[in-house]
Amino acid sequence: MNDRIKSLIEDLKEILDVSEINETDKLEDFDNWDSLAILSIIISFDDNFDQTLTRDQVTSCTSINDLLNLVNEG
Amino acid sequence: MRDRIFITGSTSTIGRELSKHLSINYDLILHSTSSEKAQVLVDSLNPECNAIIFISNFQDLESFEENLIQFLLKEKKPVQHFIHISGFFELRPLRLLKQKDITKVFSINTFSAIIAIQKLVSKKYNVGFKSSVLISSHISCFGAFGTSLYAASKSALDSVAKNLAVELAPIRINTINPGGIRSNSTEEIYQNSDLIDRIEKLYPLGLGAPTYLNGIVSFLISDESSWITGQSYTVDGGRTINLNS
């Protein structure tokens, strides 16, 4: 798997405060899923992919997989 | 003979305005990480001003210290004032903080200033040093999301000013703690215009312009403030005293 995707997944574990994460996990099931988590995800995308996400893009995701699909590999 | 001021971060948005303003009455040593930007700045200063350029990257503190020493030994002309404008800001929630972030923020924001003052007050390298103004931040005594590292580095400057004010008297050291000023480094936060509006409403006097620190800096390095040392001046349009937020 791509190093930067791995780094993003590590960041997501930190942000959501869990030791394991699955692509099918639903975001609303995480205790830490709040507006600060959303902001942290935006920062993480910026760090790992130089990509600027909008809040709407993040909140339109329902699962971890949706978030991973937001990555612009280009 | 005009007094000379060593200014770090001179080519930042705030730095440029301050340099232009101070060039009316002072000679300047302009620090930047970019010689192109520094040259453009020199060309825009008051023609009476004698200005020299000093290029250094504060992330390599050892090189900076060495370069500064060599510079001062070669120059042999007194530097009476030091203004520290260099600063690095990045939103960094604790969960995303890495050691390299800590090193970078503290090196640029805090350690570089300590090293610079140390050299400028040493008779081996400089004579006649009178005062220093360090640009801190109005966040230094408050809390906000993703700001622990930045705020700590600025709070450290406030503390350095108090302590060196005691230790180095009659040399005076003060900080200025500005609020939100639209500049290159804050554009990433302010680029969303809804966000700008929301933030602006929290400031009784609105967000700041880059020239808004000129007056207070001039005052603090002049003899008009000769009984003021170890102080931190909040210049933030009233943001931090606003409980309606």
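Residues numbered from 1 in each chain as written. Chains lettered and ligands numbered in written order. Predicted model: local features only at pLDDT ≥ 70, side-chain atom pairs only at ≥ 80, totals over all residues. Heavy atoms only, no water.

**Student:** So what's going on with unusual backbone geometry? Which residues, and what values?
**Tutor:** Omega for the peptide link from A169(B) to P170(B) comes to 15°, which places this bond in the cis form. Note on placement: P170(B) falls in the loop between α5 (148–168) and β6 (172–178). Residue D17(A) is not a glycine yet carries a positive backbone phi of 60°. Structurally, the position occupied by D17(A) is in the loop between α1 (3–16) and α2 (35–49). (Helix = DSSP H or I, 4+ residues; strand = E, 2+ residues; numbered from the N terminus.)

**Student:** An account of the interface of chain A and chain B is needed here, citing residue identities and associated values.
**Tutor:** Taken residue by residue, the interface counts 11 residues in chain A and 7 residues in chain B. Of all residues in chain A, E14(A), I43(A) and D47(A) bury the most surface against chain B, accounting for 43% of the area lost on that side. Taken together, chain A and chain B are joined by 3 salt bridges. Taken together, the connections running from chain A to chain B amount to 2 residue pairs in polar contact (both at pLDDT 80 or more). Elements supplying a minimum of two residues to the side of chain A that touches chain B: α1 and α2 of chain A. At 6 residues, α2(A) tops the list of elements feeding residues into the side of chain A that touches chain B. Residues of the side of chain A that touches chain B, tallied by class, amount to 4 nonpolar, 3 polar and 4 charged. (Contact = heavy atoms within 4.5 Å. Buried area = accessible area lost by both parts, 1.4 Å probe. Salt bridge = Lys/Arg side-chain N within 4 Å of Asp/Glu carboxyl O. Polar contact = N/O pair within 3.5 Å; in protein donor to acceptor, adjacent residues only side chain to side chain. Nonpolar A, V, L, I, M, F, W, Y, C, P; charged D, E, K, R; others polar.)

**Student:** Please provide a residue-by-residue account of the nonpolar core, values included.
**Tutor:** Within the largest apolar cluster, 30 residues are counted, with the highest numbers of intra-cluster contacts made by L8(A), I21(A), I41(A), F45(A), V58(A), I64(A) and L67(A). Elements that contribute at least two residues to this core include exactly α1, α2 and α4 (64–69) of chain A together with α5 of chain B. Ranked by residues supplied to this core, first place goes to α2(A) with 7 residues. If sequence neighbours within four positions are ignored, F45(A) has contacts with L8(A), D50(A), Q51(A), L53(A), L67(A), L70(A) and V71(A). (Core = buried A, V, L, I, M, F, W, Y, C linked by side-chain atoms within 4.5 Å. Buried < 20%, exposed > 50% of the residue type's maximum accessible area, 1.4 Å probe, protein only.)

**Student:** Any details on the packing of aromatic side chains? Residues and values, ideally.
**Tutor:** Scanning all chains against the criterion turns up 8 aromatic pairs over all chains. Look at F45(A) and F49(A): their rings are 5.7 Å apart centre to centre, the planes differ by 55°, and that puts the pair in the tilted class. Linking F45(A) with F49(A), this pair stays in helix α2, spanning 4 residues, or about one helical turn. As far as burial versus exposure is concerned, F45(A) and F49(A) are alike and both buried. Note on F106(B) and F111(B): the rings are 5.7 Å apart at their centroids and 35° apart in plane angle, and the pair reads as tilted. Taking the relative accessible area as the measure of exposure, F106(B) reaches 16% and is therefore buried. With relative accessibility at 37%, the residue F111(B) sits in the partly exposed group. An aromatic cluster of at least three residues, connected via ring pairs, comprises F6(B), F54(B), F58(B), F64(B), F71(B) and F82(B). Across the ring face of F88(B), the terminal group of K104(B) is positioned such that the distance to the ring centre comes to 3.9 Å. (Phe/Tyr/Trp six-rings, centres within 6.5 Å; stacked < 30°, edge-to-face > 60°. Lys NZ or Arg CZ within 6 Å of the ring centre and 35° of its normal.)

**Student:** Tell me about the pattern of salt bridges, and name the residues and values.
**Tutor:** Taken as a whole and assessed by the stated rule, the structure comprises 13 salt bridges over all chains. A salt bridge links R92(B) to D47(A); the shortest N-O distance between them is 3.0 Å. Of this pair, R92(B) sits in the loop between β4 (81–84) and α4 (99–120) while D47(A) sits in helix α2, placing the two residues on different chains. When its relative accessible area of 35% is taken as the criterion, D47(A) is described as partly exposed. Across the pair D3(B) and K130(B) runs a salt bridge whose closest N-O atoms are separated by 2.7 Å. Residue D3(B) is located in the segment before β1 (4–8), and its partner K130(B) is located in the loop between α4 and β5 (131–135); the two are separated by 127 residues in the primary sequence. Residues participating in the shared-partner salt-bridge network are D47(A), E90(B), R92(B), K100(B) and D101(B).

**Student:** Tell me about the packing of helix α3 (residues 61–75) of chain B against α4(B), and name the residues and values.
**Tutor:** All names here are of chain B. Contact geometry of α3 with α4 gives a least axis separation of 10 Å together with a crossing angle of 30°. Classified by the interaxial angle, the pair formed by α3 and α4 is roughly parallel. Handedness of the crossing formed by α3 with α4: right-handed. From α3, L61, F64, E65, L68, I69 and L72 reach across to α4, where they touch S107, F111, S112, I115, A116, Q118, K119 and L120. (Axes fitted to C-alpha atoms, helices over the stretch in contact; angles between N-to-C directions. Parallel < 35°, antiparallel > 145°, perpendicular 65-115°, else oblique. Left-handed = near helix turned anticlockwise from the far one by under 90°.)

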